[in-house]
Amino acid sequence: MDTTPSTYGRLSKQVAPYWLWVARFVWLLLASISLVIFVRSVPIFAEELRWRYGANFGLSVQRSRTNELILIPDGGGQAARVGAMERDVLVAVDGEPIRVDDAHSLDDLIGVGAAGTAVTLQIRTGERPLREITLIRGDYAGAWLNRFNIPIAAVIAIAVGVELLVTVGFIAVAAYIFWRGGQTPIVWLSSLVLILVFAGAGSLPVQNLYFAELNWQVGLDIWFSLMVAALLLFLCLFPSGRFVPVWSFILLPLSLVWIAAAWFWPDLYFWRLDSRRYLLILVIILLVGVASQFWRYRYLSNRQQRQQMKWVVWGISVALTAVFIQIAAGLLLPDSPLLFDFLINPLTRLAQLFIPVTFAFAIFQRRLWKIDVIVNRTVVY
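Residues numbered from 1 in each chain as written. Predicted model: local features only at pLDDT ≥ 70, side-chain atom pairs only at ≥ 80, totals over all residues. Heavy atoms only, no water.

Q: Please provide a residue-by-residue account of the packing of helix α5 (residues 152-180) against helix α12 (residues 337-351), values included.
A: Relative orientation of the contacting elements α5 and α12 amounts to 5°, with a least axis distance of 9 Å. Taken together, the axes of α5 and α12 lie roughly parallel to each other. Side by side, α5 and α12 meet where V155, I158, V162, E163, L165 and V166 of the first sit next to D341, F342, P346, R349 and L350 of the second. In terms of residue class, the contact of α5 with α12 is built from 8 nonpolar, no polar and 3 charged. (Axes fitted to C-alpha atoms, helices over the stretch in contact; angles between N-to-C directions. Helix = DSSP H or I, 4+ residues; strand = E, 2+ residues; numbered from the N terminus. Parallel < 35°, antiparallel > 145°, perpendicular 65-115°, else oblique. Contact = heavy atoms within 4.5 Å. Nonpolar A, V, L, I, M, F, W, Y, C, P; charged D, E, K, R; others polar.)

Q: Residues and numbers for the nonpolar core, please.
A: Among the nonpolar cores identified, the biggest contains 62 residues, and I177, I195, F234, F238, W258, W271 and F359 are the most heavily contacted of them. For this core, the leading source of residues is helix α8 (residues 217-237), giving 13 residues. Counting 16 residues, the second largest nonpolar core, distinct from the first, contains I98, I110, L121 and I123. (Core = buried A, V, L, I, M, F, W, Y, C linked by side-chain atoms within 4.5 Å. Buried < 20%, exposed > 50% of the residue type's maximum accessible area, 1.4 Å probe, protein only.)

Q: Describe the packing of helix α4 (residues 139-147) against α12, listing the residues and the values that go with them.
A: With their axes 8 Å apart at the nearest point, α4 and α12 run at an angle of 60° to one another. The pairing of α4 with α12 is recorded here as oblique in orientation. Contact residues: α4 offers A141, W144 and L145, while α12 offers P337, L338 and F342.

Q: For the pairing of strand β2 (residues 69-73), give the residues involved together with the corresponding values.
A: Every other side chain in a regular strand lies on the same face of the sheet, so the side chains alternate between the two faces. For β2, a buried count of 4 out of 5 residues is recorded, marking the element as mostly surrounded by other parts of the structure. Bridge analysis of strand β1 (residues 59-63) against β2 gives 5 bridges, and the strand direction is antiparallel. Opposite Q62, over in β2, you have I70 as the bridge partner. Between β1 and β2, which pair antiparallel in sequence order, lie 5 residues; one of them, N67, sits at a positive phi of approximately 65°. In this sheet, strand β3 (residues 89-93) lies alongside β2 in antiparallel orientation, the contact comprising 2 bridges. Bridging across to β3, I70 finds its partner in V89. (Pairing = 2+ DSSP bridges.)

Q: Tell me what's going on with the pattern of salt bridges, and back it up with residues and numbers.
A: As enumerated under the stated definition, the model contains 8 salt bridges in all. E68 is the salt-bridge partner of R124, the closest N and O atoms lying 3.0 Å from each other. Of this pair, R124 sits in strand β5 (residues 118-124) while E68 sits in the loop between β1 and β2, and the two are 56 residues apart along the sequence. Exposure remark for R124: the relative accessible area of 23% places this residue in the partly exposed category. Residue E68 is classed as partly exposed on the basis of its relative accessible area of 27%. Beyond isolated ion pairs, a larger network of salt bridges with shared partners links E48, R52 and D341. (Salt bridge = Lys/Arg side-chain N within 4 Å of Asp/Glu carboxyl O.)

Q: Before we move on, could you go through the environment of W271 and cite the residues and values that matter?
A: Checked against the element boundaries, W271 lands in the loop between α9 (251-264) and α10 (275-300). Spatially, the C-alpha atom of W271 lies 9.0 Å from that of I281, the residues being 10 residues apart in sequence. Within polar-contact distance, the side chain of W271 engages the side chain of D221 at 2.8 Å. (Polar contact = N/O pair within 3.5 Å; in protein donor to acceptor, adjacent residues only side chain to side chain.)

Q: Before we move on, could you go through the packing of aromatic side chains and cite the residues and values that matter?
A: All told, the structure shown has 20 aromatic pairs when counted by the stated rule. Arranged with centres 5.6 Å apart and planes meeting at 20°, the rings of W27 and F178 form a pair that is stacked. Here W27, found in helix α1 (residues 5-54), pairs with F178, found in helix α5; they are 151 residues apart in sequence, far enough to count as distant. Each member of the pair W27 and F178 is classed as buried. (Phe/Tyr/Trp six-rings, centres within 6.5 Å; stacked < 30°, edge-to-face > 60°.)

Q: Hey, could you go over the pairing of β3 for me, with residue numbers and the actual values?
A: Within β3, 4 of the 5 residues are buried, leaving the element largely enclosed by the surrounding structure. In this sheet, strand β4 (residues 96-97) lies alongside β3 in antiparallel orientation, the contact comprising 2 bridges. Among the inter-strand pairings, A92 is bridged to a residue of β4, identified as P97. Where β3 folds back on β4, the antiparallel hairpin that results is connected by 2 residues, among which D94 adopts a positive phi of roughly 55°.

Q: I'd like a description of unusual backbone geometry, backed by residues and values.
A: The step from F238 to P239 runs through a cis peptide bond, and the omega angle for that step is 0°. Structurally, P239 is set in the loop between α8 and α9. Even without a glycine there, the phi angle at D94 is positive, about 55°. Relative to the assigned elements, D94 resides in the loop between β3 and β4. Among the residues examined, D94 registers a relative accessible area of 47% and is labelled partly exposed. Despite not being glycine, N149 has its phi angle at roughly 55°, a positive value. In this fold, N149 is placed in the loop between α4 and α5.

Q: Explain helix α13 (residues 354-364) residue by residue, including any values.
A: With 8 of its 11 residues buried, α13 lies for the most part within the structure. Among the residues of α13, I355, P356, T358, F359, A360, A362, I363 and F364 are the ones counted as buried. Looking at the buried side of α13, the elements it contacts are α5, α6 (185-198), α8 and α11 (303-332). Once α13 ends, the next one or two residues include Q365, with phi positive near 55°.

Written out as structure tokens, the structure is:
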């Protein structure tokens with residue numbers, strides 16, 4: 001066979017389009033999977049919001065051996081605050097005797113209604129006389145919605161609208177980068193990271209899907225693991241496409257081993273751990289990627305590459321800062337759903353749009369030199 005450079009070049013030009021079509025097929029497949037996950041998660045997310053404001057009483061029930069409905073109040077919930085006690089027996093709802101055979105949960109008895117409306121339960125403690133407790137749909141948050149005449153549909157529209165906007169933003173920028181950024185692995189990886197992240201753990205609907213639908217957990221575990229691996233590899237490869245430092249190459253086989261091992265031992269998925277250990281492992285993973293970027297920036301990058309890295313690191317830093325603020329607020333303000341649904345969660349998700357925007361600036365090398373001013377102002381603010 002003739003192996004002259006000219007012949008080799010002609011063969012490369014003939015083969016390259018096939019690899020390009022394969023890459024495009026894989027990209028379209030992952031984008032389609034992302035959309036399927038998101039579309040499936042939206043109704044569950046909306047239903048969870050509807051329940052939170054229209055049927056959340058801080059209370060659950062279970063059937064006893066004597067075929068009675070036993071109350072189980074949540075610690076600190078409104079049912080416990082108004083006097084419901086563990087093992088109380090539910091007798092009637094709004095004066096109507098309950099039919100135990102038709103009830104499998106409190107929602108079966110009461111159902112979802114207008115936020116802030118009152119429900120009266122007749123309960124019995126042991127052999128004592130019946131007594132009544134009054135509960136408000138949605139607790140304090142439901143009362144506020146009722147006070148200002150805000151329908152639950154408005155809360156759902158805001159929450160779903162923000163999630164949809166962020167999803168469309170991620171996938172649109174990812175598509176633009178993939179189709180217009182050039183036929184290089186680092187461009188494809190950048191686009192892939194955006195696809196995996198936007199339908200990853202940062203999406204509230206997908207989080208609800210993960211915990212609400214057990215039959216989706218296996219697939220979502222794989223999806224989340226791909227997201228973590230792709231993000232880590234991106235931080236170790238961007239912008240030159242080479243592993244820096246050299247030892248960071250070991251992260252590729254380690255990531256594949258972790259994904260394969262977690263398939264058989266699901267406890268290896270660190271997002272199944274309690275929140276503190278989950279955050280610790282997440283921080284360690286991100287620090288490895290940041291250390292790789294710092295090493296590359298300090299010792300191996302030229303001026304243009306440093307500007308590209310600044311854009312990417314700044315965008316991820318802004319998004320992660322918003323996520324950590326969201327988590328901290330959840331720990332400090334556990335009983336403030338309205339604050340989360342109207343302010344904290346929407347702002348957190350919108351802040352994540354900095355990621356695709358800064359990726360685009362870095363890939364297409366536009367506005368590279370403005371990042372120094374932006375970073376300086378960000379630090380000052």
